[in-house]
Structures are given as structure tokens and as C-alpha cells.
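# Coordinate analysis (summary)
Okay, here's what each chain looks like letter by letter:
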Amino acid sequence: MTHPVIELAQALIQRESVTPEDAGCQALMNERLEKLGFNIESLFFTDTLNTWARKGDASPHFCFAGHTDVVPTGPEKNWQHPPFSALVKDGMLHGRGAADMKGSLAAMVVATERFVAKHPDHKGSISFLITSDEEGPFINGTTRVIDTLEARGEKIDLCLVGEPSSRDVLGDVVKNGRRGSLTGFLTVKGVQGHVAYPHLAQNPIHLAAPALTELSQTEWDQGNEFFPATSFQVSNINGGTGAGNVIPGELEIQFNFRFSTEVTHQQLQQRVVDIVEKHNLNYELNWIVNGLPFLTDHGPLVDATVHAIKQVTGRDTALETTGGTSDGRFIAQTGAKVIELGPRNETIHKVDECVSTDDLIQLADIYEVILEQLLT
């Protein structure tokens, strides 16, 4: 007999929910949550379906957050098993989204079902914030739901995001924060001309080189206990007409900061401006703040999670802030305490994505213990 967590994970994987499609995943989850007494709100913004489901209105308010959308599979012929077949073989559940993050969603729902059955009069409230726009442009997903909640004064106290955080074994890593991401678009203007007559031109590549050197060698901060030092990386650079005898008139540079809580994005922006202007460049500079850093230190949420992992797996866990951004950044900005805990991330976004069935079953056990720690 198939375990309820694996059964639900298979049903979710079989729905081809490539960003921003949901393909019926949220309806499947909502049907089960409604039976537990959750009030279900479907929030559709432009091209994205979101669910806000809540049971109870008291504090503490604990939220499970996640996404039903998955990245494209690429050529299906490259997959050992069809990516939406949700095949179980040799203790592994195969398919796009198995690890990122339909396995976590299944574990959340089943853990909640078991918890509510055992503790129908639990304290506080439980909610689910589910989107189909996490793998895409993240414009109409979690951030819009949070805007809706903020507008009506509805606050999340504690949030667990089901992102695949584990590295080598289930529960060895919990993300208790994420670095911020800031992208800059710098255009340095020169004067186009013939390479044989450089005195009649201004080469923006030559002009920008000293500033780029300084930017790449600057120490922005030293990090802290939870975060590495802020990093600066040039990701794209483009100048020239393609001809070998033309000095370009413009140079375009794209760069990115991954930054800690030791510095703000405004401080980084100002320091870049100061460096660029010190080198007397004629320039334009535009910015995109992709996400602000957040950190959840020791307290009820972190402690309950560490305890639950130890109780279920016998393992000690490490708190880390490495990796890219997640939807946790939108939730944390409201003042909520946020952590990320899910299965191993070894195969996410890869061909032949898969997850251990035993890990998903244990993950549901961990989630259930967290609920018991916080709400009983």
C-alpha cells in the first residue's frame, strides 16, 4: 500500500504545472485542507494562481509556504523516466518537482491532516500560502499575496517554506535566512571612432576598466555569524560594433551583489556611485532589488525545527543562509520569522529529478512535530 505522502506527491507531480501554470495542484490540496476546516481563498493575479488557506484566527499564526510550479523539463528523451510519470523505483520518487517542491507540499498537507486529527482544539492558527509563480518572474505570486494580507492587517508570525534545504541527508541543513540580491546595469558612454585615430574618440572600455577593477576588489563588509561577506560579480559585459577597426561608443555592464544583513542595498548603491564618479565616467546606472536579506535567529521556530529533526532522524542540523533567493524573502519583510526545510537538493532543476520516498515520509513526521512544538 502506498504511503499517503507518496500518493499525494505522485498526484501533484503528474499535473504538468510548468511556471506559471498550476494545472490543478492547488485545487487538489485545497480539497483536503477544506475538510480540515480551512477557509480557502483563491487569489489570481494576471497569470498566476495563488492559494491562501487558513484555519483559526488566533496567535501564534504558523504558515506553510510553497509553490506548485516547476521549471521546464527540457527534452523529455533525456529523462530516464517520463518527467511527469511520478514513478517510484528502488525507493526513489522520480519526476519534475519531486524535490522542488511537490514532495514538500505533500508532506505539509499530510502532516497537517494528522496534527489536526490528534489536536482538533490546537492553539493558534495554521495557514498555507501556495503560489504557481516561484520559478518564474515572481511578480504575481507570493509577493502579491503578502501585499493582500498586509493591506488587511493579517500577519504571519512563523513561516516554514518547503524549499529543498537538505544537502547530504534529510535535515542536515535548515535555511534560517537568505542573502539579498541587488543587480546593477551600468552604461559607460564614450565617443565612437576609428581605431587608427584614437585621439578623435573616447573608448568607454578603457575608461571603465579602472572603476571595474576597484569595484571588483572592494571589501563591502566582512559578513557575520550567519552570512558570508557581501560579494560583487560582473555577470555580463557588452561593447563594440563587432568590427575590429571601430572604437565603441558605449559599454554596457551588468553586475550583481549578494549581500548580508551587515549592509543595506541603499549603502551598496551609494558606494558604487561614489566609485564610478571618482573615475569621472559619463554614465547611466539603473538598479533592480531582487530581494532583501533576512535572518531568523534562535527562538521558537528555529528551536522547534532543530528539535523535530533530532527527534525524527536523530541528526543535528546546521543553520545556513547560503544559496540563492526564495519566496521567504517576501514573507520575512513583514516581520515574520521564516525558515526553509525540505528534502535533499541534489537533483533540483536537473534531468531525472528525484527524491527518496523515505525522506518524504520522514519530512512529514518532522513537519508534524514542528506543529506540535508550536501549537500544543
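Note: the structure precedes this text.
Residues numbered from 1 in each chain as written. Predicted model: local features only at pLDDT ≥ 70, side-chain atom pairs only at ≥ 80, totals over all residues. Heavy atoms only, no water.

Axis separation between helix α7 (residues 300-313) and helix α9 (residues 357-375) bottoms out at 8 Å; the angle between their running directions is 135°. Relative to α9, the element α7 is oriented oblique. The two elements α7 and α9 cross, and the hand of that crossing is right-handed. Residues P300, L301, A304, T305, H307, A308, I309, Q311, V312 and T313 of α7 form the contact with α9, whose participating residues are Q362, D365, I366, V369, I370, Q373 and L374. Of the residues belonging to the contact of α7 with α9, the class tally is 10 nonpolar, six polar and one charged. (Axes fitted to C-alpha atoms, helices over the stretch in contact; angles between N-to-C directions. Helix = DSSP H or I, 4+ residues; strand = E, 2+ residues; numbered from the N terminus. Parallel < 35°, antiparallel > 145°, perpendicular 65-115°, else oblique. Left-handed = near helix turned anticlockwise from the far one by under 90°. Contact = heavy atoms within 4.5 Å. Nonpolar A, V, L, I, M, F, W, Y, C, P; charged D, E, K, R; others polar.)

Right, let's get into the sheet that holds strand β12 (residues 231-239). Pairing is antiparallel across the open sheet formed by four strands, whose spatial order is β12-β14-β10-β15. Edge positions in the open sheet fall to β12 and β15 (283-291), since each of these has one partner strand only. Direction aside, the axes of adjacent strands within the sheet are offset by 15° on average. The pairing of strand β10 (residues 180-189) with strand β14 (residues 250-259) spans 10 bridges and is antiparallel. For K189, the partnering residue across the bridge sits in β14 and is E250. Running over the sheet, helix α5 (residues 204-217) touches β10, β12 and β14 and is turned about 10° from β14. Contacts from helix α6 (residues 265-278) reach β10, β14 and β15 within the one sheet, and its direction differs from that of β15 by about 160°. (Pairing = 2+ DSSP bridges.)

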